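For reference, the chains in residue letters:
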Amino acid sequence: MSPIEFTPAAAGQDGNLLTVTGLSKAFGENVVLKSIDLSIKPGQVTALIGPSGSGKTTVLRCLNGLETPDGGIVSVTGGPSVDFGGKVHARDLSDLRDQSAMVFQHYNLFPHMTVLQNVIEGPIQVKKMRRADAIRDAESLLARVGLADKKDQYPFELSGGQQQRVGIVRALALKPALLLFDEPTSALDPELVGEVLGVIKELADEQWTMMIVTHELAFAREVADEVVFMDGGVVVERGHPDTVLRNPRQKRTQRFVQRLLHPF
């Protein structure tokens, strides 16, 4: 796949593209996130790992504006710094959402739209791009992931791996500062996992800034610059993949990694 042209966001004064401070979220009495602090530098890949229910997906959904945090400050270079502990202006929230794009676990493609229509919808509706320009970019992106011949097909005509590659292209078409992946291979048959991970690996090589929720520890060790282990709505441990995945300091991290590496 040839490199995808994009303009990476510059670092802020703190050296980060994304800075999250004190992020909290509850659904009724269920407190899902408890004062999460995170940061990502431009071009960095962060893998979020942890057991189901630890809050990983909720972090992504809060960053992408699919959920509104109850508190905390989120700042992305090029957009506003939003303090969810105070009054949040609709324009600031919209600007924050525009800084990221999300690839979902179950693809979330529009079933009544063709592949091409799925990809151009966001650039036209969100970015106000001219239709001809959106089509040009979409066709180029689809060609780069080996799906040029699928542009007029509908999602149900594609394999799971192909659908997820369309999901990645749809996110890339928005040219976001931050790419968010929510367990992008968990819904795939094992033989299809490699084709999706291969695309993500190439994006990492091209210095896209990404946050990836994953249970693929070998992939996280290869691609991620930092691994963050979450449990019970808090960050238990974070650091270089070789530290967190090979020699974790916290006992809770040790148990989780051992269970994934040796399930029986």
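For the structure, check the block above.
Let me begin by describing the structure that accompanies this report. (Residues numbered from 1 in each chain as written. Predicted model: local features only at pLDDT ≥ 70, side-chain atom pairs only at ≥ 80, totals over all residues. Heavy atoms only, no water.)

### Some details on the overall build of the protein
Inference 1: Helix and strand content of the protein: nine helices and ten strands.
Inference 2: Here the protein has a C-alpha radius of gyration of 18 Å; the compact-globule value for 264 residues is 18 Å, and the two agree.
Inference 3: By principal-axis analysis of the C-alpha atoms, the protein measures approximately 50 × 50 × 35 Å.
Inference 4: The buried share among the 264 residues of the protein stands at 50%.
Inference 5: Restricting to contacts in the protein with at least 6 residues of sequence separation, those with at least 24 account for 66%.
Inference 6: Accessible surface, the protein: about 12200 Å² in total, of which carbon and sulfur atoms supply 48%.
Inference 7: Of the side-chain charges in the protein, 28 are positive and 32 negative, and the distance between the mean point of each set is 3 Å. (Helix = DSSP H or I, 4+ residues; strand = E, 2+ residues; numbered from the N terminus. Rg over C-alpha atoms; globule rule 2.2 N^0.38 Å. Buried < 20%, exposed > 50% of the residue type's maximum accessible area, 1.4 Å probe, protein only. Contact = heavy atoms within 4.5 Å. Areas by Shrake-Rupley, 256 points an atom, 1.4 Å probe, with all protein chains shown as cover. Lys, Arg positive; Asp, Glu negative; His and termini not counted. Charge placed at Lys NZ, Arg CZ, Asp CG, Glu CD.)

### Observations regarding the pairing of strand S4 (residues 71–76)
Inference 1: The pairing of strand S1 (residues 18–27) with S4 spans five bridges and is classified as antiparallel. Note that in S4 the partner of Leu18 across the bridge is Val76.
Inference 2: Of the strand pairs in this sheet, S4 and strand S5 (residues 81–83) are connected by three bridges, and their pairing is antiparallel. In the strand pairing of S5, Ser75 is matched with Ser81. (Pairing = 2+ DSSP bridges.)

### Focus: the side chain of Ser100
Inference 1: Take Ser100: it is sitting in strand S6 (residues 100–103).
Inference 2: In this structure Ser100 comes out as buried when scored by relative accessible area, which is 8%.
Inference 3: Within the structure, Ser100 has its side chain in polar contact with the side chain of Asn64 (distance 2.9 Å).
Inference 4: Those residues in contact with Ser100 that lie beyond four places of it in its chain are Leu63, Asn64, Pro176, Leu178 and Leu180. (Polar contact = N/O pair within 3.5 Å; in protein donor to acceptor, adjacent residues only side chain to side chain.)

### Digging into the pairing of S1
Inference 1: Strand direction decides the pairing type here: S1 and strand S2 (residues 30–40), joined by seven bridges, are antiparallel. Within S2, the position partnered with Val20 by the bridge is Leu38.
Inference 2: Hairpin connection from S1 to S2: two residues lie between these consecutive antiparallel strands, with Gly28 at a positive phi of about 65°.

### Observations regarding the pattern of salt bridges
One side chain can pair with another of opposite charge once the charged atoms of both are near each other.
Inference 1: Counting across every chain of the model gives twelve salt bridges.
Inference 2: Between Asp137 and Lys175 there is a salt bridge whose closest N-O contact spans 3.5 Å. Taken together, the residues span a long stretch of sequence, with Asp137 in helix H4 (residues 131–144) and Lys175 in the loop between helix H5 (160–172) and strand S7 (178–182) at a distance of 38 residues.
Inference 3: Across the salt bridge formed by Lys201 and Asp205, the nearest N and O atoms sit 3.2 Å from each other. Of the two residues, Lys201 and Asp205 are both situated in helix H6 (residues 190–205); the distance of four residues between them amounts to about one turn of the helix. (Salt bridge = Lys/Arg side-chain N within 4 Å of Asp/Glu carboxyl O.)

### A short note on the packing of aromatic side chains
Inference 1: Counted by the stated rule, this structure contains two aromatic pairs.
Inference 2: Note on Tyr154 and Phe156: the rings are 6.4 Å apart at their centroids and 20° apart in plane angle, and the pair reads as stacked.
Inference 3: Classification of Tyr154 by relative accessible area gives partly exposed; the value is 31%.
Inference 4: An angle of 40° between the planes, with centres 5.1 Å apart, marks the rings of Phe229 and Phe256 as tilted. With Phe229 in strand S9 (residues 226–231) and Phe256 in helix H9 (residues 251–261), this residue pair connects regions lying 27 residues apart in the sequence. (Phe/Tyr/Trp six-rings, centres within 6.5 Å; stacked < 30°, edge-to-face > 60°.)

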